[in-house]
Amino acid sequence: MSYKDVYQGWKNDPEGFWMEAAQAIDWDQAPSKALFDKGDNLYEWFADAKVNTCWNAVDRHVEAGRGEQTAIIYDSPITHTKRAISYIELRNRVASLAGALRAKGIEKGDRVIIYMPMIPEALEAMLACARLGAVHSVVFGGFAANELAVRIDDAKPKAIIAASCGLEPGRVVHYKPLLDGAIELSAHKPDFTVIFQREQEVAHLEEGRDFNWHGFQYGVEPAECVPVEGNHPAYILYTSGTTGQPKGVIRHTAGQLVALNWTMKNLYNVDPGDVFWAASDVGWVVGHSYICYGPLIHGNTTIVFEGKPVGTPDAGTFWRVISEHNVKSFFTAPTAFRAVKREDPTGEYVKKYDLSCLKQVYLAGERADPDTIVWAQDQLKVPVVDHWWQTETGWAIAANPIGIEELPTKLGSPTVPMPGYDVTILDDAGHPVEPGTLGAIAIKLPLPPGTLPNLWNAEDRFKKSYLNSFPGYYETGDAGMMDEDGYVYIMARTDDVINVAGHRLSTGAMEEVLAGHPDVAECAVIGVADSLKGQMPVGFLCLNAGVDRDHGDVVKEVVKLVREKIGPVAAFKLAIVVDRLPKTRSGKILRGTMVSIADGTDWKMPATIDDPAILDEITEALQTIGYAKG
Ligand SMILES: CCC(=O)SCCNC(=O)CCNC(=O)[C@H](O)C(C)(C)COP(=O)(O)OP(=O)(O)OC[C@H]1O[C@@H](n2cnc3c(N)ncnc32)[C@H](O)[C@@H]1OP(=O)(O)O
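An unreviewed UniProt entry lists the protein under the name Propionyl-CoA synthetase, with Shimia aestuarii as the source organism.

1. Quick look at the overall build of the protein
Across its full length, the protein holds 18 helices and 31 strands. Against the globule reference of 25 Å for 630 residues, the protein gives a C-alpha radius of gyration of 24 Å, in line with a compact fold. Across the protein, every contact between residues at least 6 apart in sequence was considered, and the portion connecting residues at least 24 apart equals 70%. Of the accessible surface of the protein, which amounts to about 23,800 Å², a share of 49% is contributed by carbon and sulfur atoms.

2. Structural notes on the sheet that holds strand E18 (residues 327–332)
Backbone-to-backbone hydrogen bonds join strands into a sheet, with any given pair of strands oriented parallel or antiparallel. Pairing is mixed in the open sheet, where seven strands are placed in the order E5-E4-E17-E16-E18-E19-E20. Two strands close off the open sheet at either side, each with one partner strand: strand E5 (81–86) and strand E20 (384–386). Shown here is a sheet whose adjacent strand axes are inclined to one another by a mean of 20 degrees, direction ignored. Relative to strand E17 (residues 301–305), strand E4 (residues 70–76) runs parallel, the two being bridged by four bridges. Within E17, the residue paired with Tyr 74 across the bridge is Val 304. On the sheet, helix H9 (residues 285–297) packs against E4, strand E16 (275–278), E17 and E18 and is oriented at approximately 150 degrees with respect to E17. Packing of helix H10 (residues 317–325) onto the sheet brings it into contact with E4, E5, E16, E17 and E18, and relative to E18 it is tilted by some 150 degrees.

3. Thoughts on the sheet that holds strand E23 (residues 423–426)
Read across the open sheet, the four strands follow the order E23-E24-E25-E26; overall the sheet is antiparallel. Only two strands of the sheet have a single partner each, and these edge strands are E23 and strand E26 (488–493). The sheet shows a mean angle of 50 degrees between the axes of neighbouring strands, taken without regard to direction. Relative to E26, strand E25 (residues 473–482) is paired through five bridges, and the arrangement is antiparallel. By the bridge assignment, Gly 480 is partnered in E26 with Ile 490.

4. Looking at the UniProt feature "domain: AMP-binding enzyme C-terminal" (unreviewed entry) in the protein
In the numbering used here, UniProt assigns the feature "domain: AMP-binding enzyme C-terminal" (unreviewed entry) to residues 510–588. The span residues 510–588 shows a helical share of 27% and a strand share of 32%, and its end C-alpha atoms are spaced 17 Å apart.

5. Quick notes on the site of the ligand
Neighbouring the ligand are 27 residues; Glu 168, Ser 280, Lys 308, His 503 and Lys 533 lie closest to it. Contact between the ligand and Arg 563: an oxygen atom at 2.8 Å from a side-chain N or O atom of the residue. In the complex, 81% of the free accessible area of the ligand, which totals 1,000 Å², lies under the protein chains. At the level of elements, strand E10 (171–173), H9 and helix H11 (334–343) are the ones that each hand at least two residues to the shell around the ligand. Residues that form the shell around the ligand fall into these classes: 13 nonpolar, seven polar and seven charged. Counting residues domain by domain, the shell around the ligand receives three or more from each of domain 1 (93–226) and domain 2 (501–625).

6. Observations regarding the UniProt feature "domain: Acetyl-coenzyme A synthetase N-terminal" (unreviewed entry) in the protein
Within the UniProt annotation, "domain: Acetyl-coenzyme A synthetase N-terminal" (unreviewed entry) is assigned to residues 3–57. In residues 3–57, the share of helix is 42% and the share of strand is 20%. The end C-alpha atoms are 27 Å apart.

7. Examining the domain arrangement of the protein
As far as domains go, the protein holds domain 1 (93–226) and domain 2 (501–625). Relative to domain 2, the C-alpha centre of domain 1 lies at a distance of 36 Å. Domain 1 puts seven residues into the contact, and the matching count from domain 2 is eight residues. Remark: the boundary between domain 1 and domain 2 carries zero salt bridges. Our count for the contact surface shared by domain 1 and domain 2 stands at two residue pairs in polar contact (both at pLDDT 80 or more).

8. Description of the environment of Trp 395
Considering the arrangement of structural elements, one finds Trp 395 in the loop between E20 and strand E21 (398–399). Remark: the alpha-carbon pair of Trp 395 and Pro 448, spanning 53 residues in sequence, is separated by 9.8 Å.

9. A closer look at the nonpolar core
Taken as a class, soluble globular proteins show a tendency for nonpolar side chains to be buried jointly. Ranked by size, the top nonpolar core spans 120 residues in total, and within it Trp 18, Leu 101, Met 116, Leu 127, Tyr 290, Phe 331 and Trp 389 carry the most contacts. A total of nine residues in this core trace back to one element, the largest contributor, which is helix H5 (residues 120–132). When neighbours within four sequence positions are excluded, Phe 331 is seen to be in contact with Tyr 268, Phe 276, Trp 277, Ala 278, Ala 279, Val 286, Tyr 290, Tyr 362, Ala 364, His 387 and Trp 389. The next biggest cluster of nonpolar side chains, apart from the first, holds 65 residues, and it includes Tyr 115, Val 139, Tyr 175 and Val 554.

10. Observations regarding the packing of helix H2 (residues 14–21) against helix H8 (residues 253–266)
Between H2 and H8, the least distance of the axes is 9 Å, while the angle of their chain directions is 80 degrees. As judged from the angle between their axes, H2 and H8 are roughly perpendicular. Touching Phe 17, Trp 18 and Ala 21 of H2 are Val 258, Ala 259 and Trp 262, all from H8. Looking at the contact of H2 with H8 residue by residue, the class counts come to six nonpolar, no polar and no charged.

11. Structural notes on the side chain of Thr 476
Checked against the element boundaries, Thr 476 lands in strand E25. The class of Thr 476 is buried, set by a relative accessible area of 4%. Dropping the residues within four chain positions of it, Thr 476 is found in contact with Trp 388, Gln 390, Ile 441, Ala 442, Ile 443 and Arg 493.

12. Description of the packing of aromatic side chains
Per the counting criterion, the structure on display carries 36 aromatic pairs. For the ring pair Trp 277 and Phe 305, a centre distance of 5.2 Å and an interplane angle of 70 degrees mean the geometry is edge-to-face. Separated by 28 residues along the polypeptide, Trp 277 in strand E16 and Phe 305 in strand E17 bring together distant segments of the chain. The two residues Trp 277 and Phe 305 agree in class, both being buried.

13. Remarks on H11
Helical periodicity: at 3.6 residues per turn, an α-helix aligns residues three or four positions apart in one direction. The buried fraction of H11 is high, at seven of ten residues. Those residues of H11 that fall on the buried side of the exposure criterion are Pro 334, Thr 335, Ala 336, Phe 337, Arg 338, Ala 339 and Val 340. Buried residues along H11 sit in contact with H10, E18, strand E19 (360–363), helix H13 (370–380) and strand E30 (534–543).

14. Brief notes about the pairing of E19
Alternating residues of E19 divide into Gln 360 and Tyr 362 and Val 361 and Leu 363, and every residue in both groups is buried. Of the pairings in the sheet, the one linking E19 to E20 comprises three bridges and is parallel in character. Note that in E20 the partner of Val 361 across the bridge is Val 384. Remark: the E19/H13/E20 crossover connection has right-handed handedness.

15. Focus on helix H7 (residues 175–185)
Residues Tyr 175, Lys 176, Leu 179, Ala 182 and Ile 183 constitute the buried set of H7. Relative to the axis of H7, the buried residues are bounded by an arc of 120 degrees and lie together on one face. Exposed side of H7, more than 90 degrees from the buried face: Pro 177, Glu 184 and Leu 185 are the residues found there.

Conventions and cut-offs
Residues numbered from 1 in each chain as written. Predicted model: local features only at pLDDT ≥ 70, side-chain atom pairs only at ≥ 80, totals over all residues. Heavy atoms only, no water. Helix = DSSP H or I, 4+ residues; strand = E, 2+ residues; numbered from the N terminus. Rg over C-alpha atoms; globule rule 2.2 N^0.38 Å. Contact = heavy atoms within 4.5 Å. Areas by Shrake-Rupley, 256 points an atom, 1.4 Å probe, with all protein chains shown as cover. Pairing = 2+ DSSP bridges. Axes fitted to C-alpha atoms, helices over the stretch in contact; angles between N-to-C directions. UniProt positions renumbered as here; feature names shortened; annotations may be inferred. Near = heavy atom within 4 Å. Polar contact = N/O pair within 3.5 Å; in protein donor to acceptor, adjacent residues only side chain to side chain. Nonpolar A, V, L, I, M, F, W, Y, C, P; charged D, E, K, R; others polar. Domains from an automatic or database assignment. Salt bridge = Lys/Arg side-chain N within 4 Å of Asp/Glu carboxyl O. Core = buried A, V, L, I, M, F, W, Y, C linked by side-chain atoms within 4.5 Å. Buried < 20%, exposed > 50% of the residue type's maximum accessible area, 1.4 Å probe, protein only. Parallel < 35°, antiparallel > 145°, perpendicular 65-115°, else oblique. Phe/Tyr/Trp six-rings, centres within 6.5 Å; stacked < 30°, edge-to-face > 60°. Right-handed = clockwise from strand over helix to strand, strands pointing away. Arc of directions from axis to C-beta.

In C-alpha cells, the structure reads:
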C-alpha cells in the first residue's frame, strides 16, 4: 500500500485504523472501542481496556521465546563500558526492582520521579514503575536542583529514583547533592529515595530516607505486571512553556502502546530483532518513546548511549556504535550532526567504519537545515528523514514513512502528515489558508493515540495553551505552511519558546531568573541563530537606577544564576546591559524585532513602537557581542 492509501484509509475510518493497530498489543482486557469523547474537546483512546506497558515491552517477548535476544545495549565511551542485557535479564531485573518499590509502598497511580543519566538502570526504573502502574516522571540530568524541585512540587512523588552521579566529558555531575538540594527546596517531600551508586562517585545516603538500589532489593518478592486502564497515565513529562512553571504532559498507557508500536515498522522501518538507536536522553520525549518504550514494545534492541557526538573520543563515535552494534535505523538531532560535520566535514571518520547495516537516519528535535541533511545524505548514502513532532504528541506528526513507502525528500520539509494527524494551516481568524501560505499549524481534534490527553493537574492551562485559540483544533505553537503536494514546512515558533541544541527552553523562565538579580530592573531573553546549536539565548538587562557596577560583573552573575537555577542545559552564556528595551506603546517588548536585528534578517519598523531610537541602541549593544552585523 502507498502512503496515500494508508493515510486515506485512516481518514475514512480513524477508529477502525487504530483498532486494527491495537491488535499488535497484548491486552488483559481488549478495548470495546477506540475513541472516547469526554466532551469539551477532550478525548481518550482505548479507555476501557486493561493492559500493562511493561508486559508488552518486556515479558511478552520472553514468553514468546525471545528471552535470549538482547533488549538493551549500553555503550558508554565516557566510562569505556559496553554491556548487553537480554530480554530475560531485563524482565528479572525490572521485576525485582518493582518488587522492592512495592515493598516500600509504591502502588498503581503513585508518582515516582526518576533523575538518572544515560545508563540502563534509567530504563529499568521506568519499566519498574510501568510494571506496578506507578506514574513516572523522568527529569533530565542537565536541570538544576530548582527545576527538579518545581517538578517534585507538581508531581508530588512518593519516591525518587536517582543515580549518584552523571558523567559529562571532563566533569562529574553530582546528582545526589542536586537531589538533596531539590528535596530541601520543595514543599512536597518524597517518602524515600532509591540511589543507584555508580563507581565514579559513591553518594552519601541519609539513613531512613535514602536506599541503595541493590540493597533495597535484597530478599524482595519480584512483582508481576499490574493491568491498568487504557487511560491510566503511563508518565508525566515536563516541558517548557512560556513561563517558568513547566507543563506536565500526560501520556496514557494504551494510546502510547498502540501508537509507538505502529511507528516502529511504518515510520522507522524496523522489524522485531533489529537494532534501533535513538541518540538522545531519557529525560526527553525521544528518550521515552524511542530509547525506552517504542523499540522494546516492538521487540527491537535499543541502545543506551552515554557519550557525545564529538569528543568521546572523536567525531567517529556515532559510526563506531552503528557499525559495532549493527544499527539499522538511527535517530539523532540535527545539532549532533552539525557538531560532527564541523569536526569532520569530509567524512574521514565515516570511511573508517562498515556502515552497511545502516538503512535510514532520522532527524528531529529542531528544524533540520538543508546543509546538514545534504551532508548526512552524502556521507551515509541512506535516506535521511527529517521528521517533526513534539513532547506533547509523543510521536511524529509529519515524517517520511519509509516502512510504508519512501516519498521524495524536499529539503526544508519534514514531509507529510502521519495517519492520525489532520494537519491544517490557519490564519489569525482560524480559517484554513491556501497551500503555500504561512499560518499557524494546527491539528484537527481528536489527536491520535499516544498524544497528550491533558496536562497534569492543569486542565485549564491545557485548554488555554492548546485548544482555545482555534476551537476544534490542537494549536502546535509552530508556524509554517503546506505545499500543493501536502508537504509540511515548519518555519518558526509562535510563542517565546526557543530551541537550543534540540532542547526546548523557555525564554520566560530565563527572564524570571534574570529578574531575580538584585541589580536588574527589567530584562528580556531572545533566541538568536547559532550555526551549531540552532539557537542560543541572549539576555538584555536594564539595571536599577543608581547601580554603577561593572557591567561585566553583573553579566557574569546572571550567567551563573541561570546555570544554578535552570541548569547547564539552558546554555545561557550571553547577556548585555542596555539602557532601555524596545516596546510597543502598550508596553509589549518587541522580542521578534530584536531577534531579526540580531540575526541580520529583514525586519520592518513595528507600527506600534513607542520609541524607534531604542532599536539603534539594541543594534549597537548586539554588535558588541558579535551579532547584528547586518
Ligand atoms: C522530537 C521531540 C523532541 O524535540 S525531544 C528532544 C530532542 N532533543 C534531543 O534529543 C537533544 C539533542 N541534543 C543533544 O543530544 C546534545 O545537545 C548534543 C548534540 C549531544 C550536544 O551535547 P553537549 O555538547 O553536552 O551540549 P548541550 O548544549 O546539550 O549542553 C549544554 C550544557 O549542558 C550540559 N549537559 C548536557 N546534558 C547534560 C546532562 N545529561 N547532565 C548534566 N549536564 C548536561 C553540557 O555538559 C553542557 O555544559 P557546559 O555548559 O559545556 O558546561
